[in-house]
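Listed here are the chains, written in short residue letters.
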Amino acid sequence: MGSKSATIGGVAFAATGAAIVLAAHWMVAFWVPTEASMGLVQRIFYVHVPAAWTTFLAFGLAALASAAYLWLEDERADAAAVAAAEGGLVFGAIMLVSGPLWGRIAWGTYWTWEPRLTLTLLLWFTYLGYFLLRNSVRDVRRGRRLAAVVAVVGALNIPLIHVSVSWFRSLHPEAVVLNPEGPTLHPDMLVTLLTSLGGFTILFLGLLWLRYSAEMAGRPSDAEPAEQTPA
Amino acid sequence: MLRWAWLIAVKDLRIEFRARGRFLAMIAFVLLAGFLFAVSLDRTRVDARDVAGPLVWLVMLFASTAGAGRAFDAEDEAGAFRHLLLAPAPRPAIFLGKAAANAALVAAVAAAAFAAFALFLGIRAPGALASHAGVLLPGVIGLAATGTFFGRISAHSSLGDTLLPVLTFPLLVPMMFFGSTGTARLLMERPWSEVAGFVRLLWAFAVGSMAAGSLLFRHVVDD
(Lines give C-alpha, C1' and ligand atoms only; values in the text may rest on other atoms or scores of the structure.)
Protein backbone atom coordinates (compact mmCIF):
# COMPACT_ATOMS: atom_id res chain seq x y z
CA MET A 1 0.00 0.00 0.00
CA GLY A 2 1.42 3.38 -0.98
CA SER A 3 2.08 6.15 1.52
CA LYS A 4 -0.67 8.36 0.08
CA SER A 5 -3.37 5.68 0.18
CA ALA A 6 -2.28 4.74 3.73
CA THR A 7 -2.67 8.38 4.77
CA ILE A 8 -6.12 8.62 3.18
CA GLY A 9 -7.19 5.39 4.92
CA GLY A 10 -5.88 6.60 8.29
CA VAL A 11 -7.55 10.00 7.93
CA ALA A 12 -10.85 8.34 6.96
CA PHE A 13 -10.68 6.02 9.98
CA ALA A 14 -9.72 8.81 12.40
CA ALA A 15 -12.40 11.16 11.02
CA THR A 16 -15.06 8.46 11.35
CA GLY A 17 -13.96 7.78 14.92
CA ALA A 18 -13.96 11.49 15.77
CA ALA A 19 -17.46 11.88 14.31
CA ILE A 20 -18.77 8.98 16.40
CA VAL A 21 -17.07 10.38 19.53
CA LEU A 22 -18.77 13.75 18.86
CA ALA A 23 -22.12 11.98 18.40
CA ALA A 24 -21.55 10.11 21.67
CA HIS A 25 -20.88 13.43 23.41
CA TRP A 26 -24.15 14.78 22.06
CA MET A 27 -25.92 11.70 23.46
CA VAL A 28 -24.16 12.21 26.81
CA ALA A 29 -25.21 15.87 26.97
CA PHE A 30 -28.77 15.71 25.63
CA TRP A 31 -30.11 12.17 25.33
CA VAL A 32 -29.00 9.69 27.97
CA PRO A 33 -31.00 9.68 31.27
CA THR A 34 -29.34 10.97 34.43
CA GLU A 35 -28.21 8.26 36.83
CA ALA A 36 -30.27 8.34 40.05
CA SER A 37 -27.62 8.06 42.79
CA MET A 38 -24.64 9.98 41.35
CA GLY A 39 -26.47 12.53 39.21
CA LEU A 40 -24.78 14.51 36.42
CA VAL A 41 -21.26 13.51 37.37
CA GLN A 42 -21.97 9.91 36.29
CA ARG A 43 -21.84 11.16 32.68
CA ILE A 44 -18.04 11.26 32.95
CA PHE A 45 -18.37 7.46 32.85
CA TYR A 46 -19.05 7.65 29.08
CA VAL A 47 -15.63 9.21 28.52
CA HIS A 48 -13.66 7.53 31.31
CA VAL A 49 -14.56 3.90 30.50
CA PRO A 50 -13.90 4.17 26.72
CA ALA A 51 -10.62 6.01 27.45
CA ALA A 52 -9.63 3.23 29.86
CA TRP A 53 -10.52 0.53 27.31
CA THR A 54 -8.55 2.31 24.58
CA THR A 55 -5.57 2.77 26.90
CA PHE A 56 -5.38 -0.93 27.67
CA LEU A 57 -5.93 -1.82 24.01
CA ALA A 58 -3.08 0.53 23.02
CA PHE A 59 -0.64 -0.67 25.67
CA GLY A 60 -1.57 -4.29 24.91
CA LEU A 61 -0.87 -3.74 21.20
CA ALA A 62 2.38 -1.94 22.06
CA ALA A 63 3.49 -4.91 24.16
CA LEU A 64 2.54 -7.46 21.48
CA ALA A 65 4.28 -5.46 18.75
CA SER A 66 7.33 -5.03 20.99
CA ALA A 67 7.47 -8.79 21.61
CA ALA A 68 7.20 -9.32 17.84
CA TYR A 69 10.06 -6.84 17.31
CA LEU A 70 12.28 -8.68 19.78
CA TRP A 71 11.43 -11.98 18.10
CA LEU A 72 11.54 -10.98 14.42
CA GLU A 73 13.57 -7.74 14.48
CA ASP A 74 11.13 -6.36 11.92
CA GLU A 75 11.08 -2.54 11.74
CA ARG A 76 7.34 -2.58 11.08
CA ALA A 77 6.70 -4.17 14.48
CA ASP A 78 8.69 -1.45 16.22
CA ALA A 79 6.87 1.28 14.29
CA ALA A 80 3.54 -0.27 15.32
CA ALA A 81 4.72 -0.47 18.94
CA VAL A 82 5.76 3.17 19.15
CA ALA A 83 2.53 4.30 17.47
CA ALA A 84 0.39 2.24 19.86
CA ALA A 85 2.37 3.34 22.92
CA GLU A 86 1.89 7.02 22.02
CA GLY A 87 -1.85 6.40 21.70
CA GLY A 88 -1.81 4.66 25.08
CA LEU A 89 -0.15 7.65 26.72
CA VAL A 90 -2.70 10.08 25.24
CA PHE A 91 -5.80 8.02 26.06
CA GLY A 92 -4.27 7.11 29.43
CA ALA A 93 -3.95 10.81 30.22
CA ILE A 94 -7.66 11.26 29.39
CA MET A 95 -8.50 8.34 31.68
CA LEU A 96 -6.29 9.61 34.51
CA VAL A 97 -7.80 13.10 34.34
CA SER A 98 -11.45 12.07 33.93
CA GLY A 99 -11.29 9.46 36.72
CA PRO A 100 -10.33 11.88 39.54
CA LEU A 101 -12.95 14.43 38.33
CA TRP A 102 -15.56 11.73 38.79
CA GLY A 103 -13.94 10.50 42.02
CA ARG A 104 -14.10 13.97 43.62
CA ILE A 105 -17.89 13.72 43.60
CA ALA A 106 -18.36 9.96 43.95
CA TRP A 107 -15.61 9.23 46.51
CA GLY A 108 -15.13 12.74 47.97
CA THR A 109 -11.49 12.93 46.86
CA TYR A 110 -9.62 13.51 43.61
CA TRP A 111 -7.19 10.71 44.27
CA THR A 112 -7.21 7.60 46.40
CA TRP A 113 -4.65 4.82 46.58
CA GLU A 114 -7.15 2.38 45.24
CA PRO A 115 -5.35 -0.62 43.67
CA ARG A 116 -6.66 -0.38 40.09
CA LEU A 117 -6.14 3.39 39.99
CA THR A 118 -2.64 3.08 41.41
CA LEU A 119 -1.51 0.33 39.10
CA THR A 120 -2.98 2.07 36.05
CA LEU A 121 -0.94 5.17 36.88
CA LEU A 122 2.13 2.96 37.25
CA LEU A 123 1.51 1.41 33.85
CA TRP A 124 1.29 4.92 32.38
CA PHE A 125 4.63 5.79 34.00
CA THR A 126 6.14 2.58 32.61
CA TYR A 127 5.33 3.71 29.09
CA LEU A 128 6.61 7.20 29.88
CA GLY A 129 9.88 5.43 30.75
CA TYR A 130 9.58 3.58 27.41
CA PHE A 131 9.82 6.90 25.54
CA LEU A 132 12.47 8.40 27.83
CA LEU A 133 14.64 5.34 27.26
CA ARG A 134 13.99 5.13 23.56
CA ASN A 135 15.00 8.74 22.98
CA SER A 136 18.06 8.72 25.23
CA VAL A 137 20.06 5.85 23.71
CA ARG A 138 22.56 7.00 21.08
CA ASP A 139 22.41 3.77 19.05
CA VAL A 140 18.92 3.94 17.53
CA ARG A 141 18.52 0.19 17.02
CA ARG A 142 19.62 -0.56 20.56
CA GLY A 143 17.23 2.10 21.87
CA ARG A 144 14.36 0.45 20.02
CA ARG A 145 15.29 -2.97 21.37
CA LEU A 146 15.65 -1.81 24.98
CA ALA A 147 12.36 0.10 24.78
CA ALA A 148 10.71 -3.08 23.45
CA VAL A 149 12.01 -4.97 26.49
CA VAL A 150 10.49 -2.32 28.78
CA ALA A 151 7.15 -2.59 26.96
CA VAL A 152 7.08 -6.37 27.33
CA VAL A 153 7.94 -6.22 31.04
CA GLY A 154 5.44 -3.38 31.55
CA ALA A 155 2.72 -5.51 29.98
CA LEU A 156 3.13 -7.98 32.83
CA ASN A 157 1.42 -5.27 34.90
CA ILE A 158 -1.77 -5.44 32.82
CA PRO A 159 -3.05 -8.77 34.22
CA LEU A 160 -2.06 -7.55 37.68
CA ILE A 161 -4.23 -4.47 37.23
CA HIS A 162 -7.10 -6.69 36.17
CA VAL A 163 -6.90 -9.07 39.11
CA SER A 164 -6.02 -6.43 41.70
CA VAL A 165 -9.69 -5.61 42.12
CA SER A 166 -10.31 -9.04 43.55
CA TRP A 167 -7.03 -9.14 45.55
CA PHE A 168 -7.72 -5.97 47.53
CA ARG A 169 -10.75 -4.13 48.72
CA SER A 170 -11.53 -1.83 45.83
CA LEU A 171 -13.57 1.35 45.56
CA HIS A 172 -14.01 0.81 41.83
CA PRO A 173 -17.61 0.02 40.85
CA GLU A 174 -18.42 -3.54 39.82
CA ALA A 175 -18.55 -4.28 36.10
CA VAL A 176 -21.87 -3.09 34.69
CA VAL A 177 -21.51 -4.41 31.13
CA LEU A 178 -19.29 -7.52 31.22
CA ASN A 179 -21.21 -8.91 34.16
CA PRO A 180 -21.83 -12.70 34.44
CA GLU A 181 -25.56 -11.97 34.88
CA GLY A 182 -25.71 -9.65 31.87
CA PRO A 183 -25.47 -5.84 31.65
CA THR A 184 -27.02 -4.01 34.61
CA LEU A 185 -27.10 -0.63 32.84
CA HIS A 186 -30.26 1.10 31.64
CA PRO A 187 -30.59 0.28 27.87
CA ASP A 188 -30.13 3.96 26.83
CA MET A 189 -27.00 4.19 28.99
CA LEU A 190 -25.68 0.99 27.42
CA VAL A 191 -26.26 2.33 23.89
CA THR A 192 -24.45 5.58 24.79
CA LEU A 193 -21.55 3.72 26.34
CA LEU A 194 -21.19 1.34 23.38
CA THR A 195 -21.34 4.28 20.93
CA SER A 196 -18.61 6.05 22.85
CA LEU A 197 -16.57 2.84 23.09
CA GLY A 198 -16.86 2.29 19.34
CA GLY A 199 -15.94 5.92 18.59
CA PHE A 200 -12.88 5.90 20.84
CA THR A 201 -11.70 2.57 19.39
CA ILE A 202 -12.07 3.66 15.75
CA LEU A 203 -10.47 7.04 16.50
CA PHE A 204 -7.52 5.30 18.13
CA LEU A 205 -7.12 2.83 15.25
CA GLY A 206 -7.19 5.72 12.76
CA LEU A 207 -4.54 7.65 14.72
CA LEU A 208 -2.51 4.45 15.05
CA TRP A 209 -2.65 3.95 11.30
CA LEU A 210 -1.55 7.55 10.62
CA ARG A 211 1.23 7.49 13.20
CA TYR A 212 2.50 4.14 11.94
CA SER A 213 2.60 5.45 8.35
CA ALA A 214 4.46 8.60 9.47
CA GLU A 215 6.93 6.53 11.51
CA MET A 216 7.70 4.20 8.61
CA ALA A 217 7.97 7.09 6.15
CA GLY A 218 10.44 8.88 8.44
CA ARG A 219 12.82 5.93 8.76
CA PRO A 220 15.91 5.70 6.61
CA SER A 221 16.15 2.74 4.29
CA ASP A 222 18.48 -0.13 5.26
CA ALA A 223 21.22 1.33 3.03
CA GLU A 224 21.42 4.51 5.12
CA PRO A 225 23.03 4.53 8.57
CA ALA A 226 20.59 5.22 11.42
CA GLU A 227 22.01 7.65 13.97
CA GLN A 228 20.34 10.23 16.12
CA THR A 229 21.32 12.67 18.80
CA PRO A 230 20.19 11.62 22.27
CA ALA A 231 17.43 13.74 23.79
CA MET B 1 24.52 -22.95 33.54
CA LEU B 2 24.38 -22.73 37.33
CA ARG B 3 28.13 -23.26 37.48
CA TRP B 4 28.64 -20.20 35.27
CA ALA B 5 26.21 -18.19 37.40
CA TRP B 6 28.08 -19.22 40.52
CA LEU B 7 31.46 -18.28 39.03
CA ILE B 8 30.20 -14.86 37.92
CA ALA B 9 28.58 -14.18 41.30
CA VAL B 10 31.80 -15.11 43.14
CA LYS B 11 33.82 -12.94 40.74
CA ASP B 12 31.52 -9.93 41.30
CA LEU B 13 31.57 -10.35 45.06
CA ARG B 14 35.35 -10.70 45.04
CA ILE B 15 35.67 -7.45 43.06
CA GLU B 16 33.22 -5.80 45.44
CA PHE B 17 35.13 -7.05 48.47
CA ARG B 18 38.40 -5.72 47.10
CA ALA B 19 37.04 -2.31 46.11
CA ARG B 20 34.36 -2.02 48.84
CA GLY B 21 33.35 1.45 47.64
CA ARG B 22 29.84 0.66 46.43
CA PHE B 23 29.04 -1.61 49.37
CA LEU B 24 30.28 0.86 51.97
CA ALA B 25 28.36 3.69 50.27
CA MET B 26 25.16 1.62 50.38
CA ILE B 27 25.62 0.79 54.07
CA ALA B 28 26.43 4.43 54.91
CA PHE B 29 23.32 5.51 53.01
CA VAL B 30 21.15 3.09 55.00
CA LEU B 31 22.55 4.18 58.37
CA LEU B 32 22.18 7.87 57.53
CA ALA B 33 18.66 7.35 56.19
CA GLY B 34 17.69 5.58 59.43
CA PHE B 35 19.17 8.47 61.39
CA LEU B 36 17.35 11.09 59.30
CA PHE B 37 14.01 9.28 59.60
CA ALA B 38 14.51 9.08 63.38
CA VAL B 39 15.15 12.81 63.77
CA SER B 40 12.37 13.71 61.32
CA LEU B 41 9.59 11.75 63.04
CA ASP B 42 7.50 13.44 65.70
CA ARG B 43 7.72 10.62 68.24
CA THR B 44 4.98 12.18 70.41
CA ARG B 45 2.46 11.62 67.61
CA VAL B 46 3.80 8.64 65.67
CA ASP B 47 4.61 5.20 67.04
CA ALA B 48 7.88 4.18 65.39
CA ARG B 49 6.67 0.59 65.01
CA ASP B 50 3.80 1.81 62.80
CA VAL B 51 6.15 3.35 60.26
CA ALA B 52 9.30 1.25 60.58
CA GLY B 53 8.13 -1.49 58.17
CA PRO B 54 7.58 0.80 55.16
CA LEU B 55 10.70 2.83 56.01
CA VAL B 56 12.93 -0.25 56.12
CA TRP B 57 11.63 -1.29 52.69
CA LEU B 58 12.00 2.22 51.27
CA VAL B 59 15.59 2.42 52.44
CA MET B 60 16.25 -1.02 50.90
CA LEU B 61 14.67 0.15 47.64
CA PHE B 62 16.69 3.38 47.43
CA ALA B 63 19.96 1.73 48.42
CA SER B 64 19.51 -1.18 46.00
CA THR B 65 18.54 1.20 43.17
CA ALA B 66 21.58 3.38 43.79
CA GLY B 67 23.80 0.30 44.03
CA ALA B 68 22.37 -1.42 40.96
CA GLY B 69 22.94 1.72 38.91
CA ARG B 70 26.65 1.35 39.56
CA ALA B 71 26.82 -2.45 39.28
CA PHE B 72 28.22 -2.44 35.75
CA ASP B 73 30.34 0.72 35.95
CA ALA B 74 33.68 -0.84 36.85
CA GLU B 75 33.39 -3.52 34.16
CA ASP B 76 32.21 -1.03 31.53
CA GLU B 77 35.09 1.36 32.20
CA ALA B 78 37.67 -1.40 31.74
CA GLY B 79 35.80 -3.02 28.84
CA ALA B 80 35.59 -6.20 30.93
CA PHE B 81 31.87 -6.65 30.43
CA ARG B 82 32.33 -6.95 26.68
CA HIS B 83 34.92 -9.66 27.34
CA LEU B 84 32.54 -11.40 29.71
CA LEU B 85 29.99 -11.51 26.88
CA LEU B 86 32.58 -13.22 24.68
CA ALA B 87 32.94 -16.04 27.22
CA PRO B 88 30.91 -19.19 26.44
CA ALA B 89 28.60 -18.43 29.39
CA PRO B 90 24.88 -18.48 28.51
CA ARG B 91 23.25 -15.04 28.80
CA PRO B 92 20.80 -16.22 31.52
CA ALA B 93 23.79 -17.44 33.57
CA ILE B 94 25.46 -14.01 33.33
CA PHE B 95 22.24 -12.37 34.49
CA LEU B 96 21.68 -14.86 37.33
CA GLY B 97 25.29 -14.52 38.51
CA LYS B 98 25.22 -10.73 38.56
CA ALA B 99 21.76 -10.70 40.18
CA ALA B 100 22.97 -13.16 42.85
CA ALA B 101 25.95 -10.93 43.67
CA ASN B 102 23.64 -7.92 43.87
CA ALA B 103 21.24 -9.93 46.08
CA ALA B 104 24.07 -10.59 48.53
CA LEU B 105 24.73 -6.84 48.73
CA VAL B 106 21.03 -5.99 49.11
CA ALA B 107 20.71 -8.65 51.85
CA ALA B 108 23.54 -6.92 53.75
CA VAL B 109 21.75 -3.60 53.20
CA ALA B 110 18.52 -5.11 54.59
CA ALA B 111 20.35 -6.31 57.69
CA ALA B 112 21.95 -2.87 58.11
CA ALA B 113 18.54 -1.21 57.68
CA PHE B 114 17.08 -3.35 60.44
CA ALA B 115 20.04 -2.56 62.69
CA ALA B 116 19.79 1.18 61.93
CA PHE B 117 16.10 1.32 62.74
CA ALA B 118 16.54 -0.73 65.90
CA LEU B 119 19.31 1.62 66.97
CA PHE B 120 17.85 5.01 66.04
CA LEU B 121 14.13 4.36 66.52
CA GLY B 122 14.51 2.09 69.53
CA ILE B 123 12.60 -0.78 67.94
CA ARG B 124 13.08 -4.22 69.38
CA ALA B 125 11.98 -6.57 66.61
CA PRO B 126 9.66 -9.02 68.34
CA GLY B 127 9.39 -12.66 67.36
CA ALA B 128 11.99 -14.78 65.64
CA LEU B 129 14.38 -13.01 63.33
CA ALA B 130 13.72 -15.90 60.97
CA SER B 131 10.19 -14.54 60.40
CA HIS B 132 11.56 -11.15 59.35
CA ALA B 133 14.14 -12.86 57.16
CA GLY B 134 11.34 -14.91 55.62
CA VAL B 135 9.62 -11.70 54.48
CA LEU B 136 12.81 -9.89 53.46
CA LEU B 137 14.44 -12.72 51.47
CA PRO B 138 12.05 -12.79 48.48
CA GLY B 139 12.08 -8.97 48.50
CA VAL B 140 15.87 -8.92 48.39
CA ILE B 141 15.87 -11.35 45.44
CA GLY B 142 13.20 -9.37 43.58
CA LEU B 143 14.92 -6.02 44.18
CA ALA B 144 18.30 -7.39 43.11
CA ALA B 145 16.93 -9.04 39.94
CA THR B 146 14.98 -5.95 38.89
CA GLY B 147 17.85 -3.59 39.74
CA THR B 148 20.40 -5.70 37.85
CA PHE B 149 18.23 -5.99 34.75
CA PHE B 150 17.23 -2.34 34.52
CA GLY B 151 20.64 -1.18 35.73
CA ARG B 152 22.08 -2.70 32.57
CA ILE B 153 19.38 -1.07 30.45
CA SER B 154 19.85 2.41 31.93
CA ALA B 155 23.64 2.11 31.49
CA HIS B 156 23.01 2.50 27.74
CA SER B 157 20.97 5.66 28.22
CA SER B 158 22.38 9.19 28.31
CA LEU B 159 19.97 9.77 31.22
CA GLY B 160 21.82 7.09 33.21
CA ASP B 161 20.89 6.80 36.88
CA THR B 162 18.09 9.36 36.50
CA LEU B 163 16.20 6.93 34.31
CA LEU B 164 16.66 3.86 36.52
CA PRO B 165 13.98 4.75 39.14
CA VAL B 166 11.53 5.72 36.37
CA LEU B 167 11.90 2.23 34.90
CA THR B 168 11.99 0.21 38.13
CA PHE B 169 9.74 1.93 40.67
CA PRO B 170 6.46 1.36 38.79
CA LEU B 171 7.25 -2.35 38.58
CA LEU B 172 8.35 -2.62 42.20
CA VAL B 173 5.34 -0.97 43.81
CA PRO B 174 3.34 -4.21 44.29
CA MET B 175 6.42 -5.83 45.83
CA MET B 176 6.95 -2.83 48.10
CA PHE B 177 3.33 -3.01 49.20
CA PHE B 178 3.45 -6.70 50.08
CA GLY B 179 6.88 -6.48 51.72
CA SER B 180 6.35 -3.37 53.82
CA THR B 181 2.93 -4.58 54.96
CA GLY B 182 4.39 -7.96 55.90
CA THR B 183 7.27 -6.45 57.89
CA ALA B 184 4.94 -3.92 59.56
CA ARG B 185 2.62 -6.71 60.69
CA LEU B 186 5.50 -8.70 62.15
CA LEU B 187 6.70 -5.61 64.02
CA MET B 188 3.20 -5.28 65.46
CA GLU B 189 3.46 -8.88 66.68
CA ARG B 190 0.78 -10.22 64.37
CA PRO B 191 0.86 -14.00 63.72
CA TRP B 192 2.69 -15.46 60.72
CA SER B 193 -0.65 -16.56 59.23
CA GLU B 194 -1.42 -12.85 58.57
CA VAL B 195 1.85 -12.50 56.67
CA ALA B 196 2.07 -15.81 54.80
CA GLY B 197 -0.11 -14.64 51.88
CA PHE B 198 2.12 -11.60 51.30
CA VAL B 199 5.22 -13.79 51.41
CA ARG B 200 3.78 -16.09 48.74
CA LEU B 201 3.10 -13.08 46.50
CA LEU B 202 6.62 -11.76 47.17
CA TRP B 203 8.06 -15.10 46.07
CA ALA B 204 5.90 -15.01 42.96
CA PHE B 205 7.38 -11.58 42.10
CA ALA B 206 10.91 -12.70 42.94
CA VAL B 207 10.72 -15.85 40.79
CA GLY B 208 8.91 -13.94 38.02
CA SER B 209 11.54 -11.19 37.92
CA MET B 210 14.39 -13.72 37.87
CA ALA B 211 12.70 -15.69 35.07
CA ALA B 212 11.85 -12.59 33.00
CA GLY B 213 15.36 -11.19 33.50
CA SER B 214 16.98 -14.47 32.43
CA LEU B 215 14.81 -14.75 29.32
CA LEU B 216 15.19 -11.14 28.18
CA PHE B 217 18.80 -10.41 29.19
CA ARG B 218 20.23 -11.31 25.79
CA HIS B 219 18.13 -8.53 24.22
CA VAL B 220 19.68 -6.09 26.68
CA VAL B 221 23.35 -7.01 26.25
CA ASP B 222 23.74 -8.28 22.68
CA ASP B 223 24.60 -5.86 19.86
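The structure reproduced in this document is the subject of the present report.

Rules and cut-offs
Residues numbered from 1 in each chain as written. Chains lettered and ligands numbered in written order. Predicted model: local features only at pLDDT ≥ 70, side-chain atom pairs only at ≥ 80, totals over all residues. Helix = DSSP H or I, 4+ residues; strand = E, 2+ residues; numbered from the N terminus. Buried ≥ 20, exposed ≤ 12 C-beta atoms within 10 Å, placed from the backbone. Contact = placed C-beta atoms within 7 Å. Nonpolar A, V, L, I, M, F, W, Y, C, P; charged D, E, K, R; others polar. Core = buried A, V, L, I, M, F, W, Y, C linked by C-beta atoms within 7 Å.

**A word on the overall build of chain A**
Right, so step 1: Helix and strand content of chain A: 7 helices and 0 strands.
Right, so step 2: Secondary structure elements of chain A occur, N-terminal to C-terminal, as α-α-α-α-α-α-α.
Right, so step 3: Looking at chain A as a whole, 37% of its 231 residues are labelled buried.
Right, so step 4: Restricting the contact set of chain A to residue pairs at least 6 apart, pairs at least 24 apart contribute 79%.

**Description of the interface of chain B and chain A**
Right, so step 1: With 16 residues of chain B at the contact, the number on the chain A side is 19 residues.
Right, so step 2: Sorting the residues of the side of chain B that touches chain A by element identifies helix H8 (163–187) and helix H9 (196–221) of chain B as the ones contributing at least two each.
Right, so step 3: Of all the elements, H8(B) adds the most residues to the side of chain B that touches chain A, at 7 residues.
Right, so step 4: Split by residue class, the side of chain B that touches chain A holds 12 nonpolar, 4 polar and no charged.

**Thoughts on the nonpolar core**
Right, so step 1: The biggest cluster of nonpolar side chains holds 116 residues, and the ones touching the most others in it are A:Ala81, B:Met60, B:Val109 and B:Ala113.
Right, so step 2: Ranked by the residues each element gives to this core, the list is headed by helix H6 (residues 91–121) of chain B, at 18 residues.
Right, so step 3: Leave out the neighbours within four places in its chain, and B:Val109 touches B:Met26, B:Ile27, B:Val30, B:Met60, B:Ala63 and B:Ser64.

**Regarding unusual backbone geometry**
All names here are of chain A.
Right, so step 1: Of note, the phi angle at Glu 73 is positive, near 55 degrees, even though the residue is not glycine.
Right, so step 2: Within the fold, Glu 73 resides in the loop between helix H2 (45–72) and helix H3 (75–106).
Right, so step 3: Residue class for Glu 73 comes out partly exposed when judged on the 13 C-beta atoms lying within 10 Å of it.

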